[in-house]
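Now for the letters of each chain:
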Amino acid sequence: MAVGQNQRNRKNDPMVSKTGKAKLGPLTVTQLNKLLESSTKPKEKAKIQRALNKRPPVAAPTATAVAV
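Scoring rules and cut-offs
Note on numbering: residues in each chain are counted from 1, in written sequence order. Totals for whole chains, interfaces and linings use every residue, but because this is a predicted model, local features are given only for residues with pLDDT of at least 70 and side-chain atom pairs only at 80 or more, for both listing and counting. With hydrogens and water set aside, each side-chain value is computed from the structure's full complement of heavy atoms. A run of H or I in DSSP becomes a helix once it reaches four residues, and a run of E becomes a strand once it reaches two; helices and strands are each numbered from the N terminus. We call a residue buried when its accessible area falls under 20% of the maximum for its residue type, exposed when it is over 50%, and partly exposed in between, using a 1.4 Å probe and counting protein chains only. Every residue pair with non-hydrogen atoms within 4.5 Å of one another is taken to be in contact. Under the convention used here, a 1.4 Å probe and the Shrake-Rupley method define accessible areas, while residue burial counts only the protein chains that appear.

**Q** Talk me through the overall build of the chain; I want residue IDs and the actual numbers.
**A** Looking only at helices and strands, the chain has three helices and zero strands in total. Sequence-ordered secondary structure for the chain, helices as α and strands as β, is α-α-α. Evaluated residue by residue, the chain yields a buried proportion of 12% over its 68 residues. Across the chain, every contact between residues at least 6 apart in sequence was considered, and the portion connecting residues at least 24 apart equals 26%. As displayed, the chain offers around 6400 Å² of accessible surface, 58% of which is attributable to carbon and sulfur atoms.

Structure follows, in structure tokens:
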């Protein structure tokens, strides 16, 4: 009877893994930067930094004139 009692009480959140840690995949670069600044644990900071490094650099939008 004791097996699986936590699953009944735990709220299902798509942004949190089964172990309770935050999923970094769907976060944007600005969200990851904010998370990196607020984090205090070196292991978490390394994980967030790796997630940031995997993302392609955000290019500034450029206005191009098209001659027709």
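**Q** How would you explain the environment of Pro56 if you had to name every residue and give the values?
**A** In this structure, Pro56 sits in the segment after helix 3 (42-54). For the pair Pro56 and Val29, spaced 27 residues apart in sequence, the C-alpha separation works out to 9.5 Å.

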